[in-house]
Amino acid sequence: MNEDLILDLLSSNLLYLLGAVLLIIVVLKGVRIVPQSEKYVIERFGRLHSVLGPGINFIVPFLDVARHKVSILERQLPNATQDAITKDNVLVQIDTSVFYRILEPEKTVYRIRDVDGAIATTVAGIVRAEIGKMDLDEVQSNRSQLIGQIQHSVESAVDDWGIEVTRAEILDVNLDQATRDAMLQQLNAERARRAQVTEAEGAKRAVELNADAELYAAEQTAKARRIQAEAEAYATEVVAKAIRENGIEAAQYQVALKQVESLHALGKGAGNQTILVPAHALEAFGNAFNLLKGGK
């Protein structure tokens, strides 16, 4: 009895049940929730219709299909090594790494099949072209400038693919053993040259300092002589003044005093036990004493 009742209810409401199920399917098909890190490329009848961004989006059920789900996160290409020849004909191996992200998925999915392979090939060609414009020394010293040029060139090349190159790095610049040996010899020669230059500059500085010292000594000697001459001139002026004021007695006193000083110095000499006094020495003593007393 109960089973018959249930069957009657189902048969009478089957249309409503089918309608409800169909409505649920339509809602599920018409609503697309896109994650923050992705974008959906929508096709209608096999052609590009729209691109759905993150969040809740509504499409036409059964007509619109999310054909491509593209991640917009930044990606890193596998590290690549390519050979290149510098402007001065040196073979180098360049290790590169490239980071990129997809900005316009509709361009990426319809214009290029293998994105990573295409970018890697483009980077390799651009690296070889840029390295060929520079000498080896410039490659070693201007790496940041080289990275900027490579990134700019890659960005221009992949712009039609809806891709942004966020960073390009040169990880290492490797040389063959022969080139390394030549560079080592050049480095040793440069160090030897700098050592010789430093030694020569030190010797030159020593000569300059010695010359300055000799010049200073000569200046001091000249200064001492000038002071001595000024002192002698002053003494002569004093004697001349005394002669003008006191007459010939002052001159005689000075001469006698010099004679006494000479005899005194002669008597103090080492090993001189016997002193021979000239005959006029006693007269000099007498004249000095007389002058001190004011006599004639």
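No experiment lies behind these values; they were computed from the predicted model shown.

(A) How the structure looks around the sheet that holds strand E3 (residues 47-52). Spatially, 3 strands are ordered E3-E2-E5 in an open sheet, and the strand pairing comes out antiparallel. In the strand order of this sheet, the two ends are held by E3 and strand E5 (64-71), each with one partner. Sheet twist, expressed as the average angle between the axes of neighbouring strands with direction ignored, equals 30 degrees. Pairing of strand E2 (residues 38-44) with E3 involves 5 bridges; the strand directions are antiparallel. Paired with Tyr40 across the bridge in E3 is Leu52.

(B) The packing of aromatic side chains, seen in detail. Using the criterion set out here, one finds 0 aromatic pairs in the structure. In this arrangement the basic side chain of Arg167 is found over the ring face of Phe99, its NZ or CZ atom lying 4.3 Å from the centre.

(C) Local environment of helix H5 (residues 143-158). Between its first and last C-alpha, H5 extends 22 Å over 16 residues, near the 22 Å set by a 1.5 Å rise per residue. Along H5, the residues that are buried comprise Leu146, Ile147, Ile150, Gln151, Val154 and Val158. Burial along H5 is one-sided: seen end-on, the buried residues are contained in an arc of 130 degrees. Exposed side chains of H5 directed beyond 90 degrees from the buried face belong to His152 and Ser156. On its buried side, H5 packs onto helix H3 (115-131), helix H4 (136-141) and strand E9 (163-175).

Here is what the cut-offs are and how they apply
Residues numbered from 1 in each chain as written. Predicted model: local features only at pLDDT ≥ 70, side-chain atom pairs only at ≥ 80, totals over all residues. Heavy atoms only, no water. Pairing = 2+ DSSP bridges. Helix = DSSP H or I, 4+ residues; strand = E, 2+ residues; numbered from the N terminus. Axes fitted to C-alpha atoms, helices over the stretch in contact; angles between N-to-C directions. Phe/Tyr/Trp six-rings, centres within 6.5 Å; stacked < 30°, edge-to-face > 60°. Lys NZ or Arg CZ within 6 Å of the ring centre and 35° of its normal. Expected span 1.5 Å × (residues − 1). Buried < 20%, exposed > 50% of the residue type's maximum accessible area, 1.4 Å probe, protein only. Arc of directions from axis to C-beta. Contact = heavy atoms within 4.5 Å.

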